[in-house]
Amino acid sequence: MKKHLLIMLLSVLTLVSCSDDNNNSSGEKTGILKGKVTTINTHKAVGGALVFTFDNDNNIYHTYTNVTGDFELDAPVGDREIYIQTGDGSNFRTKIDVVVQENQTQQLEESLLRLDQVARIAYVSGNYDSIEDIITSLGYVAESITFSQLSDYSIVSQYDIIFLNCGSISGAISSNPTVTNNLANFVTNGGSLYASDWSVAYLIGGGSNTTACNAAGGFIPDTTLCSVDNGNSETLTASITNTALANAIGLSTLDIEYDLGSWQKIVSVDETFWEVLVRDTTTNEALMIKTNNFYDSSLAGNPVGSPENSDWITICHQPDDNSSNPITITIEASSWPAHEAHGDTLGSCTSTGTGGTIYYTTFHNHANENIGNAQFILEHVILNL
Ligand SMILES: [Zn+2]
């Protein structure tokens with residue numbers, strides 16, 4: 001009788017553990033964390049943010065926020081540090097401590113999940129373009145610097161991100177090699193740039209804009225990009241060809257209004273160097289591009305950016321079971337030995353060396369005008385540089 005009871009008990013226990021679907025494949029006990037990630041002061045939803053934590057063996061548990069900023073993370077039980085990051089995590093991130101309870105779902109308070117700015121951000125004022133208005137609308141802070149201050153590397157190197165508005169070049173970029181050398185140095189050492197429309201000249205040379213392929217000046221190899229200022233004012237139907245961008249902003253197509261003529265059409269782009277994120281639906285022409293591939297080894301070793309980043313490192317984390325792709329994260333430098341031990345590498349998974357990110361859009365933020373759904377793209381760019 002007693003023996004019979006014991007067997008019954010054992011089978012009940014077995015049933016319980018077999019039906020426990022909160023055990024992951026490695027057998028770790030887990031609970032669920034739910035929450036919504038928003039911008040710091042204006043509380044706009046942040047789509048496409050990476051939310052992750054580790055178990056005691058440094059296995060990563062991660063997910064992404066959806067278009068409304070919501071996430072649901074299956075996390076190992078116990079005291080955990082939860083990291084929230086956009087881009088490679090070096091410029092915008094938040095970390096909170098949570099006790100994860102086995103088999104329980106915990107709704108985290110929205111006020112704990114606001115995305116902090118750790119980057120020091122600068123912008124150069126332009127014409128008909130003021131990305132700083134969108135940065136401010138998200139609740140983040142950007143400092144104004146002048147075109148001539150780009151000639152001073154002791155100023156440039158203080159920032160993590162520099163926004164180059166359309167129309168911000170004084171005179172001809174080809175007559176300002178110090179500016180472009182400084183930008184090359186900045187990106188090589190991890191700084192990120194956003195350039196729009198005529199500001200393509202900072203990248204590939206020319207005057208205050210670029211009128212022909214292979215113009216003098218700039219710092220990006222001319223073979224990777226040609227843009228010419230012959231766009232007509234028109235409204236284009238655009239397709240978002242980058243899945244992560246489409247998911248983050250909840251759009252796969254949009255109308256982009258070019259209300260000014262002489263915008264910089266992309267004539268040719270080397271897609272092994274640049275990724276095309278948005279195209280003209282009709283002609284397939286690139287309208288928005290991004291690269292992590294600029295790196296000049298002769299300029300390496302001059303760190304840039306906010307001192308807040310000095311104790312943090314960006315790494316390419318290899319999942320232990322090789323079941324998914326490597327993932328770029330930014331973590332405390334003190335955690336590096338544990339990650340190095342399972343084969344992680346320094347720097348982001350997609351960058352060359354320590355190089356930062358460059359985004360270029362043919363469209364921009366016309367001051368005080370309704371830019372429609374392009375606003376969501378520009379917001380995403382700001383948070384993912
Ligand atoms: Zn790792």
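Just so you know, these numbers come straight off a predicted model, no measurement behind them.

Conventions adopted
Residues numbered from 1 in each chain as written. Predicted model: local features only at pLDDT ≥ 70, side-chain atom pairs only at ≥ 80, totals over all residues. Helix = DSSP H or I, 4+ residues; strand = E, 2+ residues; numbered from the N terminus. Rg over C-alpha atoms; globule rule 2.2 N^0.38 Å. Buried ≥ 20, exposed ≤ 12 C-beta atoms within 10 Å, placed from the backbone. Contact = placed C-beta atoms within 7 Å. Pairing = 2+ DSSP bridges. Axes fitted to C-alpha atoms, helices over the stretch in contact; angles between N-to-C directions. Domains from an automatic or database assignment. Nonpolar A, V, L, I, M, F, W, Y, C, P; charged D, E, K, R; others polar. Core = buried A, V, L, I, M, F, W, Y, C linked by C-beta atoms within 7 Å. Expected span 1.5 Å × (residues − 1).

Here we take up the overall build of the chain. Counting its regular elements, the chain contains eight helices and 21 strands. By the compact-globule yardstick of 21 Å for 385 residues, the chain fits well, its C-alpha radius of gyration being 23 Å. Summarising its shape, the C-alpha atoms of the chain cover approximately 95 × 45 × 35 Å along the three principal directions. Relative to its 385 residues, the chain shows a buried fraction of 44%. If you take every contact in the chain between residues at least 6 apart in sequence, the share linking residues at least 24 apart comes to 67%.

All right, on to the sheet that holds strand β6 (residues 92-100) then. One open sheet holds the four strands; their spatial order is β3-β2-β5-β6, and the pairing between them is antiparallel. Looking along the sheet, the strands with just one partner apiece sit at the ends: β3 (60-64) and β6. Within the sheet, the average angular offset between the axes of one strand and its neighbour, ignoring direction, is 20°. Across three bridges, strand β2 (residues 50-54) lies against strand β5 (residues 78-86) in antiparallel orientation. Bridging across to β5, F52 finds its partner in Y83.

On to the domain arrangement of the chain. By domain assignment, the chain separates into domain 1 (28-113) and domain 2 (121-298 + 354-384). Centre-to-centre, using C-alpha coordinates, domain 1 lies 31 Å away from domain 2. With 14 residues of domain 1 at the interface, the matching set in domain 2 holds 14 residues. Here the side of domain 1 that touches domain 2 is built from residues that sort into four nonpolar, nine polar and one charged.

The buried count for strand β17 (residues 286-291) comes to six of six residues, which makes it a mostly enclosed element. When strand β16 (residues 275-280) meets β17, the two strands line up antiparallel, connected through four bridges. Its bridge partner being in β17, V276 is matched across the sheet by I289. Taking the residues that link successive antiparallel strands as the turn, the β16-β17 hairpin has five residues, and the phi of N284 there is positive, at about 70°. With four bridges connecting them, β17 and strand β21 (residues 358-361) associate as antiparallel partners.

So, about the nonpolar core. Of all hydrophobic cores here, the largest spans 93 residues; its most connected members are Y194 and L203. Take this core: its biggest share by element is seven residues, from helix α8 (residues 374-384). Residue assignment places this core across two domains, with domain 1 (28-113) and domain 2 (121-298 + 354-384) each supplying three or more.

Structurally, the α-helix is built with 3.6 residues per turn, so residues lying three or four positions apart point the same way. With 12 residues, helix α4 (residues 177-188) should reach 16 Å at 1.5 Å per residue; the first-to-last C-alpha distance of 16 Å fits that figure. Listed as buried for α4 are V179, T180, N182, L183, N185, F186, V187 and T188. On its buried face, α4 sits against α3 (153-156), β10 (161-164), β11 (192-196), α5 (200-204) and β21. G190, located one to two residues past α4, shows a positive phi value of around 105°.

Within the open sheet, the three strands sit side by side as β19-β18-β20. Their pairing is antiparallel. Across the chains shown, the open sheet's two edge strands, defined by having one partner strand only, are β19 (327-332) and β20 (345-346). Relative to β20, strand β18 (residues 312-317) runs antiparallel, the two sharing two bridges. Bridge pairing links I315 to L346 in β20.

Let's shift gears to the environment of D160. Turning to its location among the elements, D160 is positioned in the loop between α3 and β10. Expressed as a C-alpha distance, the spacing of D160 and L112, which sit 48 residues apart in the sequence, is 24 Å. Not counting residues up to four positions away in its chain, the partners in contact with D160 are S90, N91, A119, R120, I121, G191, S192, V304, G305, S306 and N309.

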